[in-house]
Amino acid sequence: MQQHLTRAEQANLIAGHAVAYATAYLDGRHTAQQLADNADRLFLDLLVIETAETSTFLIPVQLLALTMMRTARCARDISQWPSREDRWQAVMASLVDLVMNESRELTKDPS
């Protein structure tokens, strides 16, 4: 039996991927290049899934994906931006928390 996910469930799944990708970088399990590749993948996923039903929930995920891209760029250009990488990582960690909290709220109250 094939089960189809609702748009909200798909958005929540993408949010989980975003959190996983960001934390893998923050924990040192992924490189800056992997972070950039994952952010690109997220942007493509977000383009497909965004609807009126999911647009508000996806704003923090979009912000996280954008922050992932910026952090990856700063990490690759560390000689030019030595202190910026730390600041972007802090922003990324905060957005991970926001996405996780929004995801929990979405599963509590799907309306």
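Look up: the structure comes first, before these words.
Being a predicted model, the structure only gives us computed values, none of them experimental.

1. Topic: the packing of helix 2 (residues 32-49) against helix 3 (residues 55-76)
Part 1 of the reasoning: As a packed pair, helix 2 and helix 3 sit with axes 8 Å apart at the nearest point and diverge in direction by 155 degrees. With respect to their mutual orientation, helix 2 and helix 3 come out roughly antiparallel. Read as a crossing pair, helix 2 and helix 3 show a hand that is left-handed. Contacts between helix 2 and helix 3 involve Ala32, Gln33, Leu35, Ala36, Asn38, Ala39, Asp40, Leu42, Phe43, Leu46 and Ile49 from the former and Leu58, Val61, Gln62, Ala65, Leu66, Met68, Met69, Thr71, Ala72, Ala75 and Arg76 from the latter.

2. Section: the side chain of Asn12
Part 1 of the reasoning: With respect to the helices and strands, Asn12 occurs in helix 1 (residues 7-26).
Part 2 of the reasoning: Once residues within four sequence positions are removed from consideration, Asn12 is found in contact with Phe57, Ser103, Leu106 and Thr107.

Rules and cut-offs
One numbering rule holds for all chains: residues counted from 1, following each sequence as written. In view of the model being predicted, local features appear only for residues whose pLDDT reaches at least 70, and side-chain atom pairs are presented and counted only at 80 or more, with totals across whole chains, interfaces and linings using the full set of residues. Each side-chain value is worked out from all heavy atoms of the structure, with water and hydrogens disregarded. Where helices are involved, their axes are fitted lines through C-alpha atoms of the stretch in contact, as for all axes, and angles between N-to-C directions lie from 0 to 180°. Numbering of helices and strands runs from the N terminus, with a helix taken as a DSSP run of H or I at least four residues long and a strand as a DSSP run of E at least two residues long. Any angle between 65 and 115 degrees counts as roughly perpendicular, while under 35 counts as roughly parallel, over 145 as roughly antiparallel, and the rest as oblique. Crossings are classed by handedness, with left-handed meaning an anticlockwise turn of the near helix from the far one by less than a right angle and right-handed meaning a clockwise turn. Contact definition: two residues touch when any of their heavy atoms are within 4.5 Å.

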